[in-house]
Amino acid sequence: MATETKANGSPRLFEQILEKIKSLIINEHLTSGDRLPSERELAERFGVSRVPVREALKILEYMGILDGTQGSGFYVRDVQVGDLFNKVNFVFAATSKTITELMEVRISLEADAAYYAALRRDEQDLAAMQETLQAIRRLKRLNSNQEEDIEELRQQSNNFHMAIIRAAKNSVLQSVYVSLFDMLQVSRQYTFAHSTVSYNSLLAHEAIYEKILSGNAESARTCMAEHLTEARDVFVRSIVDEEQKP
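What you see is a predicted model, and the numbers here were worked out from it, not measured in a lab. (Residues numbered from 1 in each chain as written. Predicted model: local features only at pLDDT ≥ 70, side-chain atom pairs only at ≥ 80, totals over all residues. Heavy atoms only, no water.)

1. Details of the side chain of His161
Turning to step 1, where the next piece is worked out: The residue His161 is located in helix 7 (residues 147–167) in this model.
Turning to step 2, where the next piece is worked out: Its relative accessible area of 2% is what places His161 among the buried residues.
Turning to step 3, where the next piece is worked out: Polar side-chain contacts of His161 include one of 3.3 Å to the side chain of His205.
Turning to step 4, where the next piece is worked out: With residues near it in sequence (within four places) discarded, His161 still touches Arg106, Glu110, Tyr177, His205, Met224, His227 and Leu228. (Helix = DSSP H or I, 4+ residues; strand = E, 2+ residues; numbered from the N terminus. Buried < 20%, exposed > 50% of the residue type's maximum accessible area, 1.4 Å probe, protein only. Polar contact = N/O pair within 3.5 Å; in protein donor to acceptor, adjacent residues only side chain to side chain. Contact = heavy atoms within 4.5 Å.)

Quick look at the structure:
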């Protein structure tokens, strides 16, 4: 599959680094548990700064190809060569069109999940949602620009949505959603490298929770659809901007 390029025809730098790391794993016959060279060593080897190397390593970690442990580098996980090609090729194919299509499916799935969650949720489900909302409120009050705080904020938002999926009590829906969300997360890693959860998003989370808490299924479905439609529009604008960069 051809590498997705910017509008001027040149591959994005982190994509070039992804390709180089993929070749390194294959050509040097690295297997499960083998350690990659450090971020600094890779940057020197590829003749680039550490920023695109860091982006590429994080994407590969999201895809389950690498295992990153704080302070000890990145290690190859138990993946087949075919999996490596398929997963990296998906990143190259993640354009504004494919992201829009993925988000359209997510809107449908999560709107229905919110509907069924309002009908089927139990006290444990509500507690899980409330726990994530409290964490998001706390992090928003910090108003921190630290990378770890922003990442935790995103993770807590993800946890809130996953709590709703579980509350729907539908194993097929949950399985489909997890696969879809994995693909979206890979795309998000470079599209939303510096994004965070907005205040409007927090208000939307609160509104969805209240509808689920009160058992108002139709309103829960509507609130979730509106929330994710807004997120989709922001998401697509960001990736279009990325594609148009010189």
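There's more to say after this.
2. Topic: helix 9 (residues 199–214)
An α-helical turn contains 3.6 residues, so any two residues separated by three or four positions project in the same direction.
Turning to step 1, where the next piece is worked out: Taking 1.5 Å of rise per residue, 16 residues should cover 22 Å, and helix 9 covers 23 Å from first to last C-alpha, within 8% of that figure.
Turning to step 2, where the next piece is worked out: Those residues of helix 9 that fall on the buried side of the exposure criterion are Ser201, Leu202, Ala204, His205, Glu206, Ile208, Tyr209 and Ile212.
Turning to step 3, where the next piece is worked out: Immediately downstream of helix 9, the backbone of Gly215 shows phi near 80 degrees, a positive value. (Expected span 1.5 Å × (residues − 1).)

3. Examining the pattern of salt bridges
Turning to step 1, where the next piece is worked out: Applying the stated criterion across every chain, the model contains 13 salt bridges.
Turning to step 2, where the next piece is worked out: We note a salt bridge from Glu39 to Arg50, for which the minimum N-O separation is 3.1 Å. Placement of Glu39 in helix 2 (residues 39–46) and of Arg50 in helix 3 (residues 50–62) is noted, with a sequence separation of eleven residues between them.
Turning to step 3, where the next piece is worked out: Residue classification places Glu39 among the buried residues on the basis of a relative accessible area of 18%.
Turning to step 4, where the next piece is worked out: Residue class for Arg50 comes out partly exposed when judged on its relative accessible area of 41%.
Turning to step 5, where the next piece is worked out: A salt bridge links Glu39 to Arg54, with the nearest nitrogen and oxygen atoms 2.8 Å apart. Taken together, the positions of Glu39 in helix 2 and Arg54 in helix 3 put the pair 15 residues apart, joining distant regions of the chain.
Turning to step 6, where the next piece is worked out: The exposure class assigned to Arg54 is partly exposed, which follows from its relative accessible area of 32%.
Turning to step 7, where the next piece is worked out: What emerges from the salt-bridge pattern is a single network uniting Glu39, Arg50 and Arg54. (Salt bridge = Lys/Arg side-chain N within 4 Å of Asp/Glu carboxyl O.)

4. Considerations on the packing of aromatic side chains
Turning to step 1, where the next piece is worked out: For the structure shown, the criterion picks out one aromatic pair.
Turning to step 2, where the next piece is worked out: Consider the rings of Tyr115 and Tyr116, whose centres lie 5.1 Å apart with planes at 90 degrees: the pair is edge-to-face. (Phe/Tyr/Trp six-rings, centres within 6.5 Å; stacked < 30°, edge-to-face > 60°.)

5. Considering the environment of Ser219
Turning to step 1, where the next piece is worked out: With respect to the element layout, Ser219 can be found in helix 10 (residues 217–244).
Turning to step 2, where the next piece is worked out: A relative accessible area of 23% means that Ser219 is categorised as partly exposed.
Turning to step 3, where the next piece is worked out: Through-space distance from the C-alpha of Ser219 to that of Ala111 is 9.8 Å; in sequence the pair is 108 residues apart.

6. Considering the confidence of the model for the protein chain
Turning to step 1, where the next piece is worked out: Mean pLDDT over the protein chain stands at 80; residues scoring 70 or higher make up 76%.
Turning to step 2, where the next piece is worked out: Long-range and interchain partners of residues 1–11, a stretch whose pLDDT sits below 50, account for 21 contacts in this model, where long-range means more than four residues apart.
Turning to step 3, where the next piece is worked out: When the criterion is pLDDT under 50, residues 190–194 qualifies, and its contacts beyond four places in sequence or with other chains add up to 16 contacts. (pLDDT = per-residue confidence, 0-100.)

7. What about unusual backbone geometry?
Glycine aside, negative phi is the norm for most residues, and most peptide bonds take the trans geometry.
Turning to step 1, where the next piece is worked out: The phi angle at Lys169 is positive, at roughly 55 degrees, despite the residue not being glycine.
Turning to step 2, where the next piece is worked out: For Lys169, a relative accessible area of 41% puts it in the partly exposed group.

8. A short note on the packing of helix 1 (residues 13–27) against helix 2
Turning to step 1, where the next piece is worked out: One way to put it is that helix 1 packs onto helix 2 with a least axis distance of 12 Å and a crossing angle of 105 degrees. The orientation of helix 1 relative to helix 2 falls into the category roughly perpendicular. Taken together, the residues of helix 2 that come into contact with helix 1 (itself represented by Ile17, Lys20, Ile21 and Leu24) are Leu42, Arg45 and Phe46.
Turning to step 2, where the next piece is worked out: Here the residues of the contact of helix 1 with helix 2 are counted per class, giving five nonpolar, no polar and two charged. (Axes fitted to C-alpha atoms, helices over the stretch in contact; angles between N-to-C directions. Parallel < 35°, antiparallel > 145°, perpendicular 65-115°, else oblique. Nonpolar A, V, L, I, M, F, W, Y, C, P; charged D, E, K, R; others polar.)

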